[in-house]
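Descriptive structure summary
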Amino acid sequence: MDNSNAYSVNPPLCRNYADRFLVFERGEGCYLYDIKGNRYLDMAAGIAVNALGYGRKDLAQIMSRQAEKIIHCSNLYSTVPTLTLAQKLTAASGFDAVFFGNSGTEANEAALKFARIYSKSRKGESAVAYLSFESAFHGRTAGALSVTPNEKYQKSYRPLLPECHTAPFNDIQALESILNESFAAVIVEPIQGEGGINVMTTEFASKLNELCSRFDIVLIADEIQAGLGRTGFAFASAACGLKPDIITLGKPIAGGLPLGATLVKAKINDAVHPGDHGSTFGGNPVCCAVANAVTDTLFHPHFLEEVKEKGNYLTKKLTELKERHPDSIAEIRGVGLIQGIVLKDKNPAEIIESCEKNGLILLRAGANVLRLVPPLVISKEEIDEGTAIIERVLSD
Ligand code: PLP
């Protein structure tokens, strides 16, 4: 594969980006094509976004039809696609209301703000603390960053929000010793994506449910990466028995268009008043029109069954890989089509680069984990192809 000229070096983009990019031109199904025409199997899906794959003419058509009707009207008014999506999300989740933003981090900002409104109304002005967990990732805006206890992301931006506490993930004793009435919210990923594909245990979920209910703390499930079908369940909380008061969604919801959603239970919605929070573009009708079609597919029981089956197949293939490469792979972990390969002494950045040269796109998670979050429409043959490339690279 010759992709030597398919890279752009430090273009006039802000320095927060990488200084070298692989430049893609188009995609089809689970494959991406760079500007030289090289083909790559994509097991990253634009960081867990492109659930239905590339080149979707049906979604493009919905987008363009809606754009011809109305692209934007502000949140002083509403549109049919936005209201329809709100109905769909509440019906599928059993939640009572939805706030729409433009991204995952904004979905979490809304969740954190609503939790404080609720908590103050129930427990008084001082019940404002937040708890999040080691290795969590909740976003880059100031509030979400304050509950993302990662030195790399936080260090340049202190002081962040006060009253943000951290506990080890999946540690029941630590949870029992830290939580009390002074907390407004616990925010947690049912499966930590960025942090290393760490799966919440059912025991930890059950303790979270119990303690949040005992102290009237708002339990926020950040399902931005693991939600909307990726686990084989419509909502990732269901995979571990978590019973949140708020679910935040983003990434795949609008087929690659920017949209975030914060699903809230009635008790929280009842504490919120007009003007308490807002967003100019949130719930944009073009994004919502596409999201209606995407969620129709993602919530379909048959589609979810297929994700479970393909997830099991991927786990089996990766477990076999681990057995054949015990010196390279320490562990395989994940649920459905969010899987991690925990490396032993290998450098994940080097493996990812070699995979790229061999026509496979992968992601990193945590310090030493290869993250696989392919489009949910991936086939078993494509899973075979991807795992074969990983094996070839590990064998080099
Ligand atoms: N929460 C989780 C679990 C995520 O994985 C991400 C993004 O990777 C976010 C929040 C932030 O989402 P966004 O980048 O859309 O703001």
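Residues numbered from 1 in each chain as written. Predicted model: local features only at pLDDT ≥ 70, side-chain atom pairs only at ≥ 80, totals over all residues. Heavy atoms only, no water.

Turning our attention to helix α13 (residues 348–357). Those residues of α13 that sit buried are P348, I351, I352, C355 and E356. All buried residues of α13 lie within an arc of 140 degrees about the axis, which places them on one face of the element. G359 sits one or two positions beyond α13 and adopts a positive phi of about 90 degrees. (Buried < 20%, exposed > 50% of the residue type's maximum accessible area, 1.4 Å probe, protein only. Helix = DSSP H or I, 4+ residues; strand = E, 2+ residues; numbered from the N terminus. Arc of directions from axis to C-beta.)

Moving on, we get to the domain arrangement of the chain. How big an interface is tends to be reported as the loss of accessible area on association of its parts. Taken domain by domain, the chain consists of domain 1 (1–40), domain 2 (58–298) and domain 3 (307–373 + 385–396). Each side of the interface is counted separately: domain 2 has 15 residues, and domain 3 has 15 residues. Both sides together, the interface formed by domain 2 and domain 3 hides about 1200 Å², and carbon and sulfur atoms give 63% of it. Summed over the shared surface of domain 2 and domain 3, the result is one salt bridge. One salt bridge connects E194 with R371, and the closest N-O pair in it is separated by 3.7 Å. (Domains from an automatic or database assignment. Contact = heavy atoms within 4.5 Å. Buried area = accessible area lost by both parts, 1.4 Å probe. Salt bridge = Lys/Arg side-chain N within 4 Å of Asp/Glu carboxyl O.)

What surrounds the ligand is the set S103, G104, T105, N108, F137, H138, G139, E189, D222, I224, Q225 and K251. A distance of 2.9 Å is found between an oxygen atom of the ligand and a backbone nitrogen or oxygen belonging to G104. D222 has a polar side-chain atom sitting 2.7 Å from a nitrogen atom of the ligand. Across the complex, the protein chains shield 82% of the 390 Å² of accessible surface that the ligand would expose by itself. Here the shell around the ligand is built from residues that sort into two nonpolar, seven polar and three charged. (Near = heavy atom within 4 Å. Polar contact = N/O pair within 3.5 Å; in protein donor to acceptor, adjacent residues only side chain to side chain. Areas by Shrake-Rupley, 256 points an atom, 1.4 Å probe, with all protein chains shown as cover. Nonpolar A, V, L, I, M, F, W, Y, C, P; charged D, E, K, R; others polar.)

A separate point is the pattern of salt bridges. Per the stated rule, a full pass over the model turns up 18 salt bridges. Ionic pairing is found between K120 and E125, a salt bridge with its closest N-O pair at 3.2 Å. Three or more residues are tied together by salt bridges with common partners; here these are E176, K207, E210 and R214.

Any two packed helices are characterised by how steeply their axes cross, that is the angle between the axes, and by the distance between the axes. Here helix α12 (residues 301–324) crosses helix α14 (residues 380–395) at 20 degrees, and the two axes come no closer than 10 Å. In terms of orientation, α12 lies roughly parallel with respect to α14. Pair α12 / α14 crosses with right-handed handedness. In this structure, α12 contributes E309, K310, Y313, L314, K317, L318, L321 and R324 to the contact, and α14 contributes K380, I383, D384, T387, I390, E391 and L394. Tallied by class, the residues present in the contact of α12 with α14 amount to seven nonpolar, one polar and seven charged. (Axes fitted to C-alpha atoms, helices over the stretch in contact; angles between N-to-C directions. Parallel < 35°, antiparallel > 145°, perpendicular 65-115°, else oblique. Left-handed = near helix turned anticlockwise from the far one by under 90°.)

Attention shifts here to a positive patch on the surface. Side chains of R140, K152, K155 and R364 sit close together on the surface and give a patch of like positive charge. Structurally, R364 can be placed in strand β18 (residues 363–365). (Patch = residues over 30% accessible without salt bridge, like charges linked within 9 Å, V, L, I, M, F, W, Y side chains within 5 Å. Lys, Arg positive; Asp, Glu negative; His and termini not counted. Charge placed at Lys NZ, Arg CZ, Asp CG, Glu CD.)

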